[in-house]
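Chain and residue survey
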Number of protein chains: 2
Amino acid sequence: VTRGAGEADWIEVIRAAFSAVGAYDAVDDDRDAHLLAGAGRAFLNVDAHVAGRHYPWPCPRPQDAGYRGVVAALSDLAAVGARPADLFLSLAFNSDTPAHFLHPWIAGMADAAARWGLRLRGGNLTWADRPTAHTVVAGSGAVRAARGPLLPGDSLWLTGTQGDAALALALDPQGAAPSAFPELAARFWRPEPRLAWGRALWRRPWIVGVSDVSDGWLRTLAAMPCQGGLSIDPDAVPRSAAYMAADLPSQALADSYWGGEDWELAFAARGIDARDVRRSLRRAKIPAAHVGTVISAPGITFASAPALAPPPHFGYDCLTPPA
Amino acid sequence: VTRGAGEADWIEVIRAAFSAVGAYDAVDDDRDAHLLAGAGRAFLNVDAHVAGRHYPWPCPRPQDAGYRGVVAALSDLAAVGARPADLFLSLAFNSDTPAHFLHPWIAGMADAAARWGLRLRGGNLTWADRPTAHTVVAGSGAVRAARGPLLPGDSLWLTGTQGDAALALALDPQGAAPSAFPELAARFWRPEPRLAWGRALWRRPWIVGVSDVSDGWLRTLAAMPCQGGLSIDPDAVPRSAAYMAADLPSQALADSYWGGEDWELAFAARGIDARDVRRSLRRAKIPAAHVGTVISAPGITFASAPALAPPPHFGYDCLTPPA
């Protein structure tokens, strides 16, 4: 790895460095949140939310910026079926950060905590060039023991609608709030962590994997540990009416295809007909669509022609400088 | 609070915002690390370690920079008598951060994890202007239920020696490694979290409070929740031979007086003679000195004349820009 290496490279460097000294525990490496040793069923997740990187800076909606940072962290708890309990905030900003941003930003975090069952238990303040929230959430989990990778024949599903938040950002990079598309703006600024859906999914015996969609649906599906490859039908991906109604410049479509922070769930089912999955989801009131299947051929095969092919390096690298 | 408010002001803003919506749990607010709800005796702490803020940048000793960031987080677990188990890293840097810094920085974190019983369980990468490690550590704790504030008559103690790390930084701001003072450099770059001492202290029935010394011994003592005030004997504060031998410019003395990250422990004893405390500490092989007493008069009273009076705003504000 040399200067200029990307996110995935550095994650490998970290794994290798800790493994080399016996200080890496990879037991639930494929999970979005991680069990604490010797703490019952407590799951923990840490996530970061950076001004100008995860939302526009200067920020038109500081309260919502605080809110969605907490949701970003909770979304990973949703994927393990956990019930949130504890919040720790490691906040970074500086003495020149405007108070008219900081006050509502903090109030928005408190709002999200109250709404989703978190209590602030501790934290830290430090200096940063741009306001950054490193958010630690913990809660008791419902997820079963790891089952290994997805296998050929497993069906792939996506909840809610996909690409709305990325489209909001593509249409209005400075505000992510195109007045013509209030639904898209709401999806960007006031997302819901799918906590109840995550818990309901893990109660179903045919669930073999759940991930949250924080970097685009295609990247999320491609990142699920899998023996073989994926056959995907892009036309089956669930879309909102607001998304369908948008007259898309192609860049906006591209972004919404593999980018974005919708914080929906992707999941895989095994040994059950798609029809029976749908019936079970209907009972649990979980809107979700069957978008593909695990196949033995490696890589991604598109069952219908995608409107745009993914670029060779699709997805988002967290380390590139913000705009 | 307006623009320019300091660390303590913002901590109050955060407490108030979360309290207003019922999302603040202050049960163990006076602790350095915090119990997780519904997770047995699991304590958690989050701390941040910023290049150019907590250590010189560019950094002459990247591996030690990684090491001491993990120790900074562990020091708070020491104060609650916890046994470390889980590590989560929320790291921030950027695509221009030199690889010749990042590789040893990561290796140093792994070293510290292996040395102090942590296993890396998860984490996050994101962009930041300067390399920053937000470190989450968790472990099972030995601390007893909160006992309320310190009371008049409680005796005050400091472990190890104080001011060595701050003096290293004052004598050599670019390297914190004055070749004339290798002991001070070692104290700055390779600190030890006082984990075994913290556990041993909490096994003693007369312990009523333990804090880690991360911002200078005077500030740490002054921050312990207390009914009344403190009488302090600065001459009794334990000092290393290297510290005493240094020919101090007054600024260096000032810094080492109330600044610094020695990661020693400050503790309070109740209902026991100082002589009996000393005997008990000797059995546990904990070097510590009796430096003062809680008194009913508020504020800080110096039992011997301090070499320098603390400035009106003593201590360190985490939000001011780094050098």
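Residues numbered from 1 in each chain as written. Chains lettered and ligands numbered in written order. Predicted model: local features only at pLDDT ≥ 70, side-chain atom pairs only at ≥ 80, totals over all residues. Heavy atoms only, no water.

Section: the side chain of Thr132 of chain A
Residues and elements named next belong to chain A. Short version of the rule: In this description a helix means any DSSP run of H or I spanning at least four residues, a strand means any run of E spanning at least two, and both kinds are numbered starting from the N terminus. Whenever a nitrogen or oxygen atom comes within 3.5 Å of another N or O atom, the pair is scored as a polar contact, on the condition that within protein one atom can donate a hydrogen and the other can accept it, and that pairs from neighbouring residues in sequence are kept only if both atoms are in side chains. Should any heavy atoms of two residues lie within 4.5 Å, those residues are considered in contact.
Mapping Thr132 onto the fold places it in strand E5 (residues 132-140). Engagement of the side chain of Thr132 in a polar contact is seen with the backbone oxygen of Arg130, the distance being 2.9 Å. Ignoring sequence-local partners within four residues, the contact set of Thr132 consists of His49, Val50, Ser90, Leu91, Ala92 and Trp105.

Let's talk about the interface of chain B and chain A
How we decide: Buried area counts how much accessible surface, traced with a 1.4 Å probe, disappears from two parts once they are put together, with both parts' losses summed. Salt bridges, as used here, are contacts in which a Lys or Arg side-chain nitrogen is within 4 Å of a carboxyl oxygen on Asp or Glu. Under the grouping applied here, Gly and all other residues not named as nonpolar or charged are polar, the nonpolar ones being Ala, Val, Leu, Ile, Met, Phe, Trp, Tyr, Cys and Pro and the charged ones Asp, Glu, Lys and Arg.
With 71 residues of chain B at the interface, the matching set in chain A holds 71 residues. Around 6300 Å² of area is buried between chain B and chain A when both sides are counted, 69% of it from carbon and sulfur atoms. For the pair chain B and chain A, the interface holds 2 salt bridges. In this structure, Asp25 of chain B and Arg121 of chain A form a salt bridge, with 2.3 Å as the shortest nitrogen-oxygen distance. At the boundary of chain B and chain A, one finds 11 residue pairs in polar contact (both at pLDDT 80 or more). Listing elements by their share of the side of chain B that touches chain A, those giving two or more residues are helix H1 (7-20), strand E1 (34-35), strand E2 (42-50), strand E3 (83-93), helix H3 (99-116), strand E4 (119-127) and strand E5 (132-140) of chain B. Per-element accounting of the side of chain B that touches chain A gives the leading share, 10 residues, to H3 of chain B. Taken together, the residues of the side of chain B that touches chain A break down into 44 nonpolar, 15 polar and 12 charged.

Examining helix H1 (residues 7-20) of chain A
Operational definition: Expected span, for any helix, means 1.5 Å times one less than how many residues it has. Three labels apply to residues, based on accessible area from a 1.4 Å probe with only protein chains included: buried if under 20% of the type maximum, exposed if over 50%, partly exposed otherwise in between. It is the directions from the helix axis to the C-beta atoms whose arc is reported.
Helix length check: H1 of chain A, at 14 residues, gives a terminal C-alpha distance of 20 Å against a target of 20 Å (1.5 Å per residue), a fit within 8%. Those residues of H1 of chain A that sit buried are Glu7, Trp10, Val13, Ile14, Ala17 and Phe18 of chain A. Seen from one end, H1 of chain A has its buried residues packed into an arc of 120 degrees, which puts them on one side. Every exposed residue of H1 of chain A that faces more than 90 degrees away from the buried side is listed here: Ala8 and Ala20 of chain A. Buried residues along H1 of chain A sit in contact with helix H7 (217-223) of chain A together with E3, H3 and E4 of chain B. Just downstream of H1 of chain A, Gly22 of chain A is the residue with a positive phi angle, here 70 degrees.

Here we look at the pairing of strand E9 (residues 264-269) of chain A
All names here are of chain A. Note the threshold: Strand pairing is defined by DSSP finding a minimum of two bridges between the two strands.
Among the 6 residues of E9, 6 are classified as buried, and the element is accordingly described as predominantly covered. Here E9 shows no split at all, with Glu264, Ala266 and Ala268 on one side and Leu265, Phe267 and Ala269 on the other all buried. In this structure, strand E6 (residues 155-159) lies alongside E9, joined through 4 bridges in antiparallel fashion. In the strand pairing of E9, Ser155 is matched with Ala269. The sheet contact formed by strand E7 (residues 207-213) and E9 spans 6 bridges and is antiparallel. In the strand pairing of E9, Ile207 is matched with Ala269.

A short note on the sheet that holds strand E8 (residues 229-232) of chain B
All names here are of chain B. Definition in use: Interaxial angle, 0 to 180 degrees, is taken between N-to-C directions of lines fitted to C-alpha atoms, where a helix line uses only the stretch in contact.
Strands sit in the order E7-E9-E6-E10-E8-E11 across an open sheet of 6 strands; the sheet is mixed. Each edge of the sheet is formed by a strand with only one pairing partner; in this case those strands are strand E7 (207-213) and strand E11 (299-302). Neighbour-to-neighbour, the strand axes of this sheet turn through a mean angle of 25 degrees, independent of strand direction. Packed onto the sheet, helix H2 (residues 62-79) meets E7 and strand E9 (264-269) and runs at close to 175 degrees relative to E7. Contacts between helix H6 (residues 195-202) and the sheet are confined to strand E6 (155-159), E7 and E9, with E7 contributing the most and set at about 165 degrees to the helix.

What to know about the relation of the copies chain B and chain A
Look at the two chain copies: a rotation about an axis and a shift along it is all it takes to match them. As a reminder of what qualifies: A residue counts toward the fit only if its pLDDT is at least 70 in both copies, and the copies are then superposed by least squares on the C-alpha atoms of those residues.
The two copies are related by a screw operation: chain B maps onto chain A through 180 degrees of rotation and 0.0 Å of translation along the axis, at an RMSD of 0.0 Å. These values place the two chain copies in the arrangement generated by a two-fold rotation axis. A share of 100% of interface residues in chain B that are also interface residues in chain A marks the association as one of identical surfaces.

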